[in-house]
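# Structural characterization, general
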Amino acid sequence: MGVQANTRAIEKDIITDFSERMSYGSYLDLDTLLSAQKPVSRPEHHDELLFIIQHQTTELWLKLVLHETLAARASFDDDDIGKALKCVARVKHIQKTLTEQWSVLATLTPTEYSEFRQFLGNSSGFQSYQYRAVEFVLGNKNAGMLKVFEADPAAHDLLGRLLAEPSLYDAFWQCLSRLGYDVPASALNRDVTAAYTLNEDLMPLIKFVYENHDDHWAVYEAFEEFVDLEENFQLWRFRHMRTVLRTIGMKSGTGGSSGVGFLQKALELTFFPELLAVRTEIGR
């Protein structure tokens, strides 16, 4: 039977009694999830719900990004490059969703935001521990950031642990070394608690792989996946900065930062510097 009177009949085998069965809502704990939006503006401003949901959904995606990135690192530890890159590929798709999400927040006009911004106090996206955790796993480590999370022991402990552990990139080079590649000692024995910076010693190996990619395809593919990962991250940072500029101009951030000026500096940060630097050398 087709649709009649613009009504689709409910099939006889569709389950409708959930008095003793797990339902969609119970599986996802929707009562908890959908009651987690608690506007603080008084009187409640219509657009604050958008602001809250934007940031809550970002945190959910960041949870999955961290989950997948840590799994990728574990796969490199197991010398399984293919499995690691599968996790990275999923992260890349999540990044695209996160970047496009800024277009929703950009519908919030300066006038609308100004009507409830004062109620946010000093809360700021700068205080997202999951965002910092992702940065740490990718190599943008900054021990000074831990001070922001001293009032949250669980977040502080997580970031402290990730600060002391190798990054995804560190795990990758260790993997290649075990697979027989001539990875320089400076890459294998670096201080993993420090922010990753360009290592000239790696350039010959990277250049060799790019120029002989047919014989080293898995490593070559990993290089390009990392470049994609970094480019997506930078696009997210750029859209963040532009959305803030569009919404509050050059005002200071609620968390005490300089706002747009501080976000612009993030565009100078890098995760995999050699993979970009090698492009100048290829073909010479």
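Everything numeric here is computed off the predicted structure, so don't read it as measured data.

So, how was this worked out
- Residues numbered from 1 in each chain as written.
- Predicted model: local features only at pLDDT ≥ 70, side-chain atom pairs only at ≥ 80, totals over all residues.
- Heavy atoms only, no water.
- Helix = DSSP H or I, 4+ residues; strand = E, 2+ residues; numbered from the N terminus.
- Buried < 20%, exposed > 50% of the residue type's maximum accessible area, 1.4 Å probe, protein only.
- Areas by Shrake-Rupley, 256 points an atom, 1.4 Å probe, with all protein chains shown as cover.
- Lys, Arg positive; Asp, Glu negative; His and termini not counted.
- Charge placed at Lys NZ, Arg CZ, Asp CG, Glu CD.
- UniProt positions renumbered as here; feature names shortened; annotations may be inferred.
- Contact = heavy atoms within 4.5 Å.
- 1 Å grid on protein atoms, 1.4 Å probe; cavity = no way out; pocket = protein on both sides within 12 Å on 5 of 7 lines; lining within 4 Å.
- Points joined across faces, edges and corners; volume = space filled by probe spheres on them.
- Nonpolar A, V, L, I, M, F, W, Y, C, P; charged D, E, K, R; others polar.
- Axes fitted to C-alpha atoms, helices over the stretch in contact; angles between N-to-C directions.
- Parallel < 35°, antiparallel > 145°, perpendicular 65-115°, else oblique.
- Left-handed = near helix turned anticlockwise from the far one by under 90°.
- Disulfide = S-S within 2.5 Å.
- Core = buried A, V, L, I, M, F, W, Y, C linked by side-chain atoms within 4.5 Å.

Looking now at the overall build of the chain. Looking only at helices and strands, one finds 13 helices and zero strands in the chain. Along the chain, helices and strands appear, N-terminal first, in the series α-α-α-α-α-α-α-α-α-α-α-α-α. Based on the C-alpha atoms only, the size of the chain along its principal axes is roughly 65 × 55 × 40 Å. When the 284 residues of the chain are sorted by exposure, 40% land in the buried category. When the accessible surface of the chain is summed, it comes to about 16,400 Å², and 55% of that surface belongs to carbon and sulfur atoms. Between the centroid of the 28 positive side chains of the chain and the centroid of its 40 negative side chains there is a distance of 4 Å.

Here the UniProt feature "binding site: heme" (unreviewed entry) sits at H240. With respect to the helices, strands and loops of the structure, H240 is situated in helix α11 (residues 217-248). If we ignore the near neighbours within four places in the chain, the residues touching H240 are W102 and L263.

Attention shifts here to empty space enclosed by the protein. The tally for this structure, following the rule as stated, stands at two cavities of 30 Å³ or more. The calculated volume of the largest cavity comes to roughly 100 Å³. For the largest cavity, the full set of lining residues is L62, V65, Q95, L98, T99, Y131, V134, N232, F233 and W236. Counting only elements with at least two residues in the lining of the largest cavity, the list comes to α3 (48-77), α4 (81-105), α6 (129-138) and α11. Across the lining of the largest cavity, the residue classes break down as seven nonpolar, three polar and no charged. Empty space within the second largest cavity amounts to approximately 30 Å³.

Running from N to C, α3 and α6 cross one another at 25°; their axes reach a closest spacing of 9 Å. With respect to each other, α3 and α6 are oriented roughly parallel. Between α3 and α6 lies a crossing whose hand is left-handed. Taking contact as the criterion, the partners of E59, L62, K63, V65, L66, T69 and L70 in α3 are, on α6, Q130, Y131, A133, V134, V137 and L138.

Okay, the state of the cysteines next. The full count for this structure, using the stated rule, is zero disulfides. Sulfur of C87: no disulfide; nearest cysteine sulfur belongs to C175 and is 13 Å away. Take C87: its relative accessible area is 10%, and that puts it in the buried class. Looking at C175, the relative accessible area reads 0%, which means it is buried.

Here the focus is the nonpolar core. Core analysis: the largest hydrophobic core is formed by 69 residues, its most contacted members being F76, Y169, F172, W173, I206 and F223. The residues touching F223, leaving out its near neighbours within four places in the chain, are F172, W173, I206, V209, Y210 and L275.

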